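# Observations on the three-dimensional arrangement
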Amino acid sequence: MVRALLSRLGVRITPYYWVKETLPAEIPDHLTALPDGLTWRELGQDEIAALPPPPEADEGVHPHAMLSEAVSSGNHCLGIFRGDEIVAFTSFSTGVSMSRFHPVAMGPTEAYLYNMFVLPAARGHNLAGILRYRNYEVLRGLGRDTFYSVTVTSNTPSWRFKEKLSARKVFLGVHVELFGRWPLRLVVKRY
């Protein structure tokens, strides 16, 4: 209630976790095997522009805009497809984190993982986990073995998903934005 009131006054407060994932020594085949009828591939800008609009997406989530922005920024996008329809996607950066909460440069063996999204109709088939492990495989080929991401503390499904991957919290942070202009970042607790 207090956060909602502050938001109306132009003060946005967002607690989040900075999360670390490491490359497993072995990725079992069943963790990257897609259900029948689905394929995966890395997406380029031309392919994103040619994708048909998704039949359904959560309110406020515009998959094509997110993917296009990621690729035009020099990042990579992976997608799972049913025919020519994208049903799940994720992005990663090997340069800098793409989070306004914690913008930092990645080291030579690090990557920032973001935009994990599965269309509601495709949920329940472990596509997020499969796509994350595919992401690990691609990043291994790029010489990356340490991965970071941000999870907003109120996003319980996101944290549960990352726990299954043996991710660990590095710190609890708070991002404060005053009147849409002045960001303030604080580390509240280190793990």
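Residues numbered from 1 in each chain as written. Predicted model: local features only at pLDDT ≥ 70, side-chain atom pairs only at ≥ 80, totals over all residues. Heavy atoms only, no water.

## Structural notes on the overall build of the protein
Secondary structure assignment for the protein yields five helices and eight strands. Across the protein, helices and strands are ordered from the amino to the carboxyl terminus as α-β-β-α-α-β-β-β-α-β-α-β-β. A total of 191 residues make up the protein; the buried ones form 45% of that total. In the protein, once contacts between residues fewer than 6 apart in sequence are set aside, the share between residues at least 24 apart is 67%. In the structure as shown, the protein presents an accessible area of about 10,400 Å², 54% of it carried by carbon and sulfur atoms. (Helix = DSSP H or I, 4+ residues; strand = E, 2+ residues; numbered from the N terminus. Buried < 20%, exposed > 50% of the residue type's maximum accessible area, 1.4 Å probe, protein only. Contact = heavy atoms within 4.5 Å. Areas by Shrake-Rupley, 256 points an atom, 1.4 Å probe, with all protein chains shown as cover.)

## Considerations on the pairing of strand β4 (residues 85–93)
Burial analysis of β4 places eight of its nine residues in the buried class, which makes it a mostly covered element. The hairpin turn running from strand β3 (residues 76–82) into β4, its antiparallel successor, is two residues long, and Gly83 in that turn takes a positive phi close to 65°. Both β4 and strand β5 (residues 110–118) contribute to a ladder of five bridges, which runs antiparallel. Paired with Phe89 across the strands is Phe117, a residue of β5. (Pairing = 2+ DSSP bridges.)

## Here we look at helix α5 (residues 156–164)
For α5, the set of buried residues is Ser158, Trp159, Phe161 and Lys162. Seen from one end, α5 has its buried residues packed into an arc of 160°, which puts them on one side. Pointing more than 90 degrees away from the buried face of α5 are the exposed residues Pro157 and Lys164. The inward-facing, buried residues of α5 abut β1 (11–22), β5, α4 (127–141), β6 (146–152) and β7 (168–178). N-cap assignment for α5: the residue whose side-chain oxygen lies 3.1 Å from the backbone N of Ser158 is Asn155. Looking one or two residues past α5, Ser166 carries a phi angle of roughly 65°, positive in sign. (Arc of directions from axis to C-beta. Polar contact = N/O pair within 3.5 Å; in protein donor to acceptor, adjacent residues only side chain to side chain.)

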